[in-house]
Amino acid sequence: MPTIKDVALKAGVSATTVSRVLNNRGYLSEELKKKVYSAMDELNYRPNELARSLSRSRSNIIGLIIPHVSLPFFSELTSHIEEHAYRNGYKLLLCNSQQDKHKELEYIDMLRSSRVDGIIMGSHTLEVESYRQMSLPLVTFDRQISPEIPYVCSDNYAGGRLATTLLIEKGCRKLAHIGGHPGLNILSHRRYEAFADTAREHGVWHTSLHTDHNSFDAGAYERLLRQLFREHPEVDGIFAGSDIIAAYALKACRENGRRVPQDVRIVGYDGIAVRSLFHPSISTIRQPMEEMGRLAVDLIIKQVEGGTVSTVNILPVELEEGSTT
């Protein structure tokens with residue numbers, strides 16, 4: 001395996017000069033840089049990124065921990081984060097926690113050992129103290145860990161109001177909300193709070209069903225929807241905590257002989273791209289995923305550069321009506 005000394009010998013310069021080219025330090029003529037890069041190509045030399053990060057005190061790598069990369073919301077969000085990070089000279093190190101707190105803790109240790117410049121956290125299984133001990137620039141999604149740590153989220157409460165108001169305006173009088181467990185202590189629970197407040201303000205009967213602490217268990221949502229139609233067959237409006245849950249609600253309606261939207265109207269949350277592929281297409285509260293991804297990266301970079309950032313970052317949502325309402 002070629003070394004930096006081999007590159008220097010091939011280019012006819014000192015090892016220090018090769019190091020300056022690799023780290024872009026000091027004045028370097030274009031001719032000199034071309035000579036060094038040509039030698040690197042001929043020798044198939046690849047710089048040691050960790051060693052370079054040690055010399056620069058910066059790795060230009062951002063860690064991202066999410067619960068499930070297979071879920072459409074997180075895959076779309078990851079795509080936006082990666083693209084914006086790349087445009088700003090950063091690479092992304094992706095970690096898929098699968099809601100396993102031990103795995104999440106191992107990933108945090110690995111990211112710290114890899115000297116990432118900061119971590120964007122979309123998983124929520126660890127206790128708050130585990131995050132506080134990181135001593136790294138940190139941004140979280142949909143969870144407020146402490147007043148000092150910035151978080152990014154959509155306006156969950158406004159979204160819950162928009163969804164519930166739409167169902168009521170469409171004539172629904174028996175409403176249900178299906179979502180994750182409130183004990184997760186994440187900001188998306190505000191969707192349910194808005195649902196309940198809006199239903200009470202309009203004097204509309206409502207109920208809610210929540211999963212256990214694994215808020216991404218597809219089987220649990222199917223069981224909850226079977227329970228809903230068994231215990232409350234008169235339900236005519238469903239606000240789902242995500243578009244994927246809305247898709248399961250659509251399936252449950254078909255299995256129970258309920259027409260959508262004639263018998264039951266459904267609103268989801270997220271605005272994932274694949275929602276339009278369902279039939280009927282799902283009405284949703286769209287989160288600004290591209291803006292959320294861009295903002296999370298910007299908040300990390302500003303912290304890395306020693307700047308001050310806003311800790312509360314709530315972005316507006318939009319109602320996009322499909323054919324389920």
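Description of the structure in this document.

About the criteria used
Residues numbered from 1 in each chain as written. Predicted model: local features only at pLDDT ≥ 70, side-chain atom pairs only at ≥ 80, totals over all residues. Heavy atoms only, no water. Helix = DSSP H or I, 4+ residues; strand = E, 2+ residues; numbered from the N terminus. Buried < 20%, exposed > 50% of the residue type's maximum accessible area, 1.4 Å probe, protein only. Contact = heavy atoms within 4.5 Å. Pairing = 2+ DSSP bridges. Axes fitted to C-alpha atoms, helices over the stretch in contact; angles between N-to-C directions. Salt bridge = Lys/Arg side-chain N within 4 Å of Asp/Glu carboxyl O. Expected span 1.5 Å × (residues − 1). Right-handed = clockwise from strand over helix to strand, strands pointing away. Phe/Tyr/Trp six-rings, centres within 6.5 Å; stacked < 30°, edge-to-face > 60°. Lys NZ or Arg CZ within 6 Å of the ring centre and 35° of its normal.

### Some thoughts on the overall build of the chain
Each helix and strand in the chain was counted, giving twelve helices and twelve strands. Counting every position in the chain, which comprises 325 residues, the buried fraction comes to 48%. Pairs at least 24 residues apart make up 69% of the contacts formed inside the chain by residues separated by at least 6 positions.

### Regarding the sheet that holds strand β6 (residues 174-179)
With respect to topology, six strands assemble into an open sheet ordered β7-β6-β8-β9-β10-β12, the strand pairing being mixed. Sheet topology places β7 (205-210) and β12 (318-320) at the edges, where each strand pairs with a single neighbour. Shown here is a sheet whose adjacent strand axes are inclined to one another by a mean of 20°, direction ignored. Summarising the sheet, strand β10 (residues 283-286) and β12 pair through three bridges and their orientation is antiparallel. Pairing of isoleucine 285 across the sheet is with leucine 319, part of β12.

### A short note on the pattern of salt bridges
Within this structure, the stated rule accounts for 14 salt bridges. For the salt bridge of lysine 10 with glutamate 42, the shortest nitrogen-to-oxygen distance reads 3.2 Å. A residue pair is termed long-range when its members are at least 10 positions apart, and lysine 10 in helix α1 (residues 4-11) and glutamate 42 in helix α3 (residues 30-43) qualify at 32 residues. Of the residues examined, lysine 10 reaches a relative accessible area of 47% and is grouped as partly exposed. Of the residues examined, glutamate 42 reaches a relative accessible area of 53% and is grouped as exposed. As a salt-bridge pair, arginine 294 and glutamate 290 come within 3.2 Å of each other at their nearest N and O atoms. With a gap of four residues between them, arginine 294 and glutamate 290 both fall in helix α12 (residues 289-304), about one helical turn apart.

### As for the pairing of strand β2 (residues 91-96)
Bridge count between strand β1 (residues 61-66) and β2: six bridges; the pairing is parallel. Within β2, the position partnered with isoleucine 62 by the bridge is leucine 92.

### Details of helix α8 (residues 156-169)
For α8, spanning 14 residues, the distance from its first C-alpha to its last is 20 Å, which sits close to the expected 20 Å at 1.5 Å a residue. Turning to α8, its buried residues number three or more, namely Asn156, Tyr157, Gly159, Gly160, Ala163, Thr164, Leu166, Leu167 and Ile168. Trailing α8 by a residue or two, glycine 171 shows a phi angle of about 100°, which is positive.

### Some points on α3
Helix length check: α3 (14 residues) gives 20 Å between terminal C-alpha atoms against 20 Å at 1.5 Å per residue, within 8%. Phi turns positive, to about 55°, at asparagine 44, one or two residues after α3.

### Re the pairing of β1
Residues in a regular strand project their side chains so that they alternate between the two faces of the sheet. Counted residue by residue, β1 has five buried out of six residues, so it is predominantly covered. For the crossover that starts at β1, traverses helix α5 (residues 72-87) and ends in the parallel β2, the hand is right-handed. Alignment of β1 against strand β3 (residues 118-121), held across four bridges, turns out to be parallel. Bridge assignment links isoleucine 65 to a residue of β3, and that residue is methionine 121.

### Comments concerning the environment of isoleucine 266
With respect to the helices and strands, isoleucine 266 occurs in strand β9 (residues 265-270). Ignoring any residue separated from it by four or fewer positions in sequence, one finds isoleucine 266 in contact with Leu167, Ile238, Ala246, Ala249, Leu250, Cys253, Val260, Ser283, Thr324 and Thr325.

### Details of the packing of aromatic side chains
The full count for this structure, using the stated rule, is three aromatic pairs. Ring centres of phenylalanine 73 and phenylalanine 74 lie 5.2 Å apart, and the angle between their planes is 75°; this geometry places the pair in the edge-to-face category. Of the two residues, phenylalanine 73 and phenylalanine 74, both sit in the buried class. Where tyrosine 192 meets phenylalanine 195, the ring centres are 6.4 Å apart and the plane angle is 35°; that geometry is what we call tilted. With tyrosine 192 and phenylalanine 195 both in helix α9 (residues 190-201) and three residues apart, this pair spans about one turn of that helix. Residue phenylalanine 195 is classed as buried on the basis of its relative accessible area of 0%. Through successive ring pairs, a cluster of aromatic residues spans Tyr192, Phe195 and Phe239. Against the face of tyrosine 269 rests arginine 191, its NZ or CZ located 3.7 Å from the ring centre.

### Details of the sheet that holds strand β4 (residues 138-141)
Read across the sheet, six strands follow the order β2-β1-β3-β4-β5-β11 without closing on themselves; strand pairing throughout is parallel. Edge positions in the sheet fall to β2 and β11 (312-315), since each of these pairs with one other strand and no more. The sheet shows a mean angle of 20° between the axes of neighbouring strands, direction not considered.

### A few points about the environment of leucine 228
By secondary structure assignment, the location of leucine 228 is in helix α10 (residues 218-231). Along the sequence, leucine 228 and threonine 207 sit 21 residues apart, while their C-alpha atoms lie 9.1 Å from each other. If we ignore the near neighbours within four places in the chain, the residues touching leucine 228 are Ala176, Ile178, Thr207, Leu209, Pro233, Val235 and Ile238.

From the geometry alone we can't say anything about function, so treat these as descriptive.
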